[in-house]
Structures are given as C-alpha cells and as structure tokens.
Amino acid sequence: MRTAVFSTKPYDRRFLAEANENQHEITFLDVRLTPETASIAAEYPAVCVFVNDVVNRGVIEELGEGNVELIALRSAGFNNVDLEAAEGEGITVARVPAYSPHAVAEHALALILTLNRRTNRAYNRVREANFSLDGLLGFDLHGKTVGVIGTGKIGIVFARIMAGIGCNVLAYDPYPSDEAKQTVEYTSLKELFRASDIIALHCPLTPETHHLIDREALQQMKDGVMLINTSRGGLIDTQAVIEGLKSEKVGFLGLDVYEEEEDLFFQDLSNRVIQDDVFMRLLTFPNVVITGHQGFFTKEALENIAATTIGNLTAFETGEGPLHEVTTERVA
Ligand code: NAI
C-alpha cells in the first residue's frame, strides 16, 4: 500500500523498513501530521501516525476529501484521533494494541528509583568529585503502598514489578481483572488516594480521565506522595501539581508525558528558547524528573510496533492477518 509515514525519526525508519521487506511503498516524512501538512497525506491511501500527530476532525475531513482510506497508528493510545470524524469519512483507523507493556512499566520503575535514590543528582555530583550524601536520602520501597490507576496490560506488569520489590499494591480500575487480582487489592479511587505512598497512572486519556489528578484529588493524598505518569499528559492538571509541589503535598513527581508535549517532545530544542512557562517551572524543582515520552523506547517495543503496523497495512489491503481496528464501538 502507498503509505505516508509522519513524524519519523531514524529509528522509526530503520525498524519499519526492516519489517516492511519492500511489501508496501512507504514514504517517510519528518514532519508531523497537522492541518498544515494534511494536504501531503491526502494523496496517499494510507497514512501512518504517532502520538503527537494531529488527527482531529479538520485534518480527517481533508484526508477524506483526498485518497485516504486507512490511518495506521504506531501507538496503543488513540486519544489524538477523532474516531467519529473518521467513521464519517469512511476512513478505517488501526493501532498497535500491545507492543511491550514491559517497556513502559519498567520505565515507570526507573522514574521511581531515580526520584527516590536521586541517582540523577548523585551521577552529577560524583562526576565533579563531590561525594557528599546530603540531599540524597531515600526510603525503602519495600513495605510501601503503591496505588496503580488502570490495570490493563501495562498496569498489571507494573503492579507485579512493585509487588516483587515488596510493596503493597492497591489498584483502581472501573473494569477490574481477575488476572490482576492475583497481585493487587482493588479499592475505590478515594481509598487509593488516601493510602498510597506512590501513585502511578496507567489508564488511557478519555473525557472521564482528563485531569483525573486535580486539586481535589491531590487534597485526598498523603503529604509527600510520589506521582508517576507514563500514560498521557492530560491525566494531570499540571498547574494543580505545581501548587502541590510548592506546598510539599507532592514530594516527588516523575513524568514521561506532559499535557502540552506536542510542541516539545521528540525534538532537539537545546538551542531554542522554550516558550512553555509551565513546563519550565516544572524543571526547576529538585524532586521532579521528566523524560520525553520514552517509555515505549526499547528495541523489543520498536520491533513489535513496526511488525504490527506493517501487518495492519497488509491486513487492510489483502484481508490477510489481523487488522487491529479501532471504532467508536469497538477497540481491537
Ligand atoms: P490497556 O487498554 O491495556 O489498559 C488501560 C486500563 O485502564 C484498562 O484496564 C481500563 O479498564 C483502565 N481504565 C479505563 N478508564 C479508567 C479510569 N477512569 N480509571 C482507571 N482505569 C481506567 O492500556 P495499556 O496498554 O496498559 O496502556 C495504558 C496507557 O499507557 C495507554 O492508554 C497510553 O496512554 C499509555 N502508553 C504510554 C506509553 C509511553 O511511551 N509512555 C507507551 C504505551 C502506552
């Protein structure tokens, strides 16, 4: 299938080209899909996008007026796609339902360990021959209570990792799973907020979960709570969390995603003046660690993303193999 692949980096090109084996005619583009670049996409029957591409109604209508029949996401999350608009235009949307839950769950652990044992600060100190331990005091994770919000593929793996360390794991999910019950104790969101030393977000971004962590939620949490978000930035009201950091309600914040990340992440902006004052404020706290949406970024995950994406193109074109379609009714 002739496919325009947006937002590609060298690693995307490498893994997709390897998985493709010249089956599909792929054009790799550096640019994001946005209203400004939609006219490029409209020429192709298939468009392949990532998490920060803009696939809203306006863009989809332009794609629909062109040749586009398939939007293939290289991600599990599809909160950036207006599914209703796609259905209206008769465009199929497919995604990569699971590529490596371990990649994201293990990255959440990396954030927790960095925040707790302050290895980011220790690394810099030792390089400058500063062997002082002042300010590096951590706590044993063993015996602490971890609250997992969302016990899907990633949440379960994360819960098992934390249970392995010796934490008590509480969880909240509107659809509890029997598999997760072997590791977690399901509870209400309110109780999870009240009892957890560490809270990790592993649910999707939907209208219901938008700003799940807001002022009211923060008030219910333990003083000095550690918050970890590797899911989607919009789950957290960033301004409320900044207030929480200032009042020391929030003791640690680990983020792999940020509400306004579209204009920042996946690019080298080190020579530019960052205009986002909220993001820059976050960077000033010693107890905040931010990574630029790299939870998925392991070799295994990229291999799986590429293989499933190529599989989606083939399935759509030939009807052979599974097509992981997402509609307003059904998520495969
Ligand atoms: P999943 O679909 O397997 O699990 C999501 C779970 O959240 C489900 O059990 C669902 O019932 C639950 N849920 C839905 N609404 C909820 C609510 N209001 N409160 C609590 N739980 C709720 O998804 P998976 O694969 O575990 O991924 C989770 C999220 O992680 C994705 O939606 C995506 O946003 C994010 N993600 C981030 C990556 C990164 O690189 N940082 C990479 C991959 C995914």
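Above this text sits the structure in question.
First, a word on scope: everything that follows refers to the structure included in this document. (Residues numbered from 1 in each chain as written. Predicted model: local features only at pLDDT ≥ 70, side-chain atom pairs only at ≥ 80, totals over all residues. Heavy atoms only, no water.)

1. Thoughts on the packing of aromatic side chains
Quick reminder of the rule: Stacked, tilted and edge-to-face are the three classes applied to pairs of Phe, Tyr and Trp rings, where Trp contributes its six-membered ring and a pair requires centres within 6.5 Å; stacked means planes under 30 degrees apart, edge-to-face means over 60, and tilted covers the rest. Note on conventions: DSSP H or I runs of at least 4 residues are helices, E runs of at least 2 residues are strands, and numbering of each starts at the N terminus. The cut-offs for exposure are 20% and 50% of the maximum accessible area for each residue type, with area from a 1.4 Å probe on protein chains only; residues under the lower value are buried, those over the upper are exposed, and the others partly exposed. By definition, being over a ring means that NZ of Lys or CZ of Arg is both within 6 Å of the ring centre and within 35 degrees of the ring normal.
This model, assessed by the stated rule, comprises eight aromatic pairs. Relative to Phe279, the ring of Tyr258 lies with its centre 5.0 Å away and its plane at 55 degrees, an arrangement referred to as tilted. With Tyr258 in the loop between strand S11 (250-255) and helix H12 (277-283) and Phe279 in helix H12, the pair connects residues that are 21 residues apart, well separated along the chain. On the basis of relative accessible area, Phe279 is assigned to the buried category, the value being 9%. Of the aromatic side chains, those joined through ring pairs into one cluster are Tyr11, Phe50, Phe266, Phe296 and Phe297. The lysine or arginine in question, Arg2, covers the ring of Tyr44, its NZ or CZ lying 4.7 Å from the ring centre.

2. Notes on the packing of helix H5 (residues 101-117) against helix H7 (residues 153-165)
Where we set the bar: Axis definition: a line fitted to C-alpha atoms, over the contacting stretch in the case of helices. Angles run 0 to 180 degrees between N-to-C directions. An angle below 35 degrees is read as roughly parallel, one above 145 as roughly antiparallel, one from 65 to 115 as roughly perpendicular, and any other as oblique. Definitions for this section: a left-handed crossing has its near helix turned counterclockwise from the far helix by less than a right angle. A right-handed crossing has that turn clockwise. The contact rule is simple, with two residues in contact once any of their heavy atoms fall within 4.5 Å.
Between H5 and H7, the least distance of the axes is 8 Å, while the angle of their chain directions is 45 degrees. Taken together, the axes of H5 and H7 lie oblique to each other. Judged by the sense of rotation from one axis to the other, the crossing of H5 with H7 is right-handed. Residues Pro101, His102, Val104, Ala105, Glu106, Ala108, Leu109 and Ile112 of H5 lie in contact with H7, whose contacting residues are Lys153, Ile154, Val157, Phe158, Ile161, Met162 and Ile165.

3. Quick look at the side chain of Thr114
Along the chain, Thr114 falls in helix H5. When its relative accessible area of 18% is taken as the criterion, Thr114 is described as buried. For Thr114, the contacting residues outside a window of four places in its chain are Thr119, Asn120 and Val289.

4. Considerations on helix H1 (residues 10-20)
How we decide: Regarding the arc, it is the one traced by the directions from the helix axis to the C-beta atoms.
Looking only at H1, the buried set comprises Asp12, Phe15, Leu16 and Asn20. Angular distribution of buried residues about the axis of H1 spans 130 degrees; they occupy a single face of the element. Facing away from the buried surface of H1 by more than 90 degrees, the exposed residues are Pro10 and Glu18. Where H1 terminates, the next one or two residues include Glu21, which has phi positive at roughly 45 degrees.

5. Here's the deal with the pattern of salt bridges
Filter applied, for reference: One speaks of a salt bridge when a side-chain nitrogen belonging to Lys or Arg is within 4 Å of a carboxyl oxygen belonging to Asp or Glu.
Tallied over the full model, the rule gives 15 salt bridges. Residue Asp237 pairs with Arg215 through a salt bridge whose shortest N-O separation is 4.0 Å. Separated by 22 residues along the polypeptide, Asp237 in the loop between strand S10 (225-229) and helix H11 (238-246) and Arg215 in helix H10 (residues 215-219) bring together distant segments of the chain. Residue classification places Asp237 among the buried residues on the basis of a relative accessible area of 13%. The structure contains a network of salt bridges with shared partners spanning Arg57, Glu61 and Asp82.

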